[in-house]
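Structure at a glance
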Amino acid sequence: MTMKSILPTGTYTIRNASTNEYVAVQGPVKAATLVGSSDGSAENAAWVLERLSGHRDKYNIRSFAQNSYATANWEQKTKANALTFGRDSCPWNIRPTGYGTYVISPHADCSLYWSIIKNAGNSQALLTNDRTSTVHWYLHRMSA
C-alpha cells in the first residue's frame, strides 16, 4: 500500500487499526463525545480533513455531520478524556507510520496521540501518550 505523506483536503473515515472501529460523533454539538462505531458509512463517522496552508502534515479535523471540530481539552490533559468536540478548530498533525496507517497528534503536543479505549462495553476516542498499536489509524477518502 502506498502511503501519502500529504493527504488532500476531503471527507474521510477514520478507522482504528487495532479495534477496526470508526471514530464517530455521538450526541448534540454542545455535549458531543467522540466514540468508536462499527458503522463507517454513518454520517456521524465522516470527517473533513482540511490541510492547513503552508504545512505538510497539519490539518483541522471537522465532523461532516455536525460541522464542528475535534479538539483537545488542555485543562484535562493528564486525564484519558482529553479528546473533545467543539466550534473552535484545533490543528492536528497527521503522519504516516510506514505500516499503511497514520498517527494523529495535537500540533500543540506531539507526545499525545488519538486512541480508542474500551470501557464497560463502549469505546471512546481519547488522547494518550502510550504509542502502541491503538494509536494507528486507517484514513479512507470518501470524497473531495
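Quick notes on the rules
- Residues numbered from 1 in each chain as written.
- Predicted model: local features only at pLDDT ≥ 70, side-chain atom pairs only at ≥ 80, totals over all residues.
- Heavy atoms only, no water.
- Helix = DSSP H or I, 4+ residues; strand = E, 2+ residues; numbered from the N terminus.
- Buried < 20%, exposed > 50% of the residue type's maximum accessible area, 1.4 Å probe, protein only.
- Contact = heavy atoms within 4.5 Å.
- Areas by Shrake-Rupley, 256 points an atom, 1.4 Å probe, with all protein chains shown as cover.
- Polar contact = N/O pair within 3.5 Å; in protein donor to acceptor, adjacent residues only side chain to side chain.
- Salt bridge = Lys/Arg side-chain N within 4 Å of Asp/Glu carboxyl O.
- Pairing = 2+ DSSP bridges.

A count of helices and strands for the chain gives 0 helices and 12 strands. Along its sequence from the N terminus, the chain presents helices and strands in the succession β-β-β-β-β-β-β-β-β-β-β-β. Burial analysis of the chain (144 residues in total) assigns 48% to the buried set. Residue pairs in contact within the chain that sit at least 24 positions apart in sequence constitute 50% of those at least 6 positions apart. A total of about 7,400 Å² of accessible surface is found on the chain, and carbon and sulfur atoms cover 46% of it.

Next up on the list: the side chain of serine 123. For serine 123, the location among the structural elements is in strand E11 (residues 122-128). Owing to a relative accessible area of 7%, serine 123 belongs among the buried residues under this scheme. Polar contacts involving the side chain of serine 123 include one to the side chain of glutamate 21, which spans 2.7 Å. Contacts of serine 123, omitting those with residues within four sequence positions, involve Glu21, Val35, Gly36, Ile116, Ile117 and Lys118.

What follows concerns the pattern of salt bridges. Tallying each qualifying case throughout the model produces 3 salt bridges. Arginine 62 is paired through a salt bridge with glutamate 50; the nearest N and O atoms lie 2.9 Å apart. One end of the pair, arginine 62, is in strand E5 (residues 58-63); the other, glutamate 50, is in strand E4 (residues 46-51), with 12 residues separating them in the sequence. Accessibility assignment for this pair places arginine 62 and glutamate 50 in one class, buried.

Turning next to the pairing of strand E10 (residues 113-119). Here 7 bridges tie E10 to E11, and the two strands are oriented antiparallel to one another. What sits directly across from tryptophan 114, in E11, is leucine 127. With antiparallel pairing between neighbouring strands as the criterion, E10 and E11 make up a hairpin whose turn holds 2 residues, including alanine 120 at a positive phi of roughly 55°.

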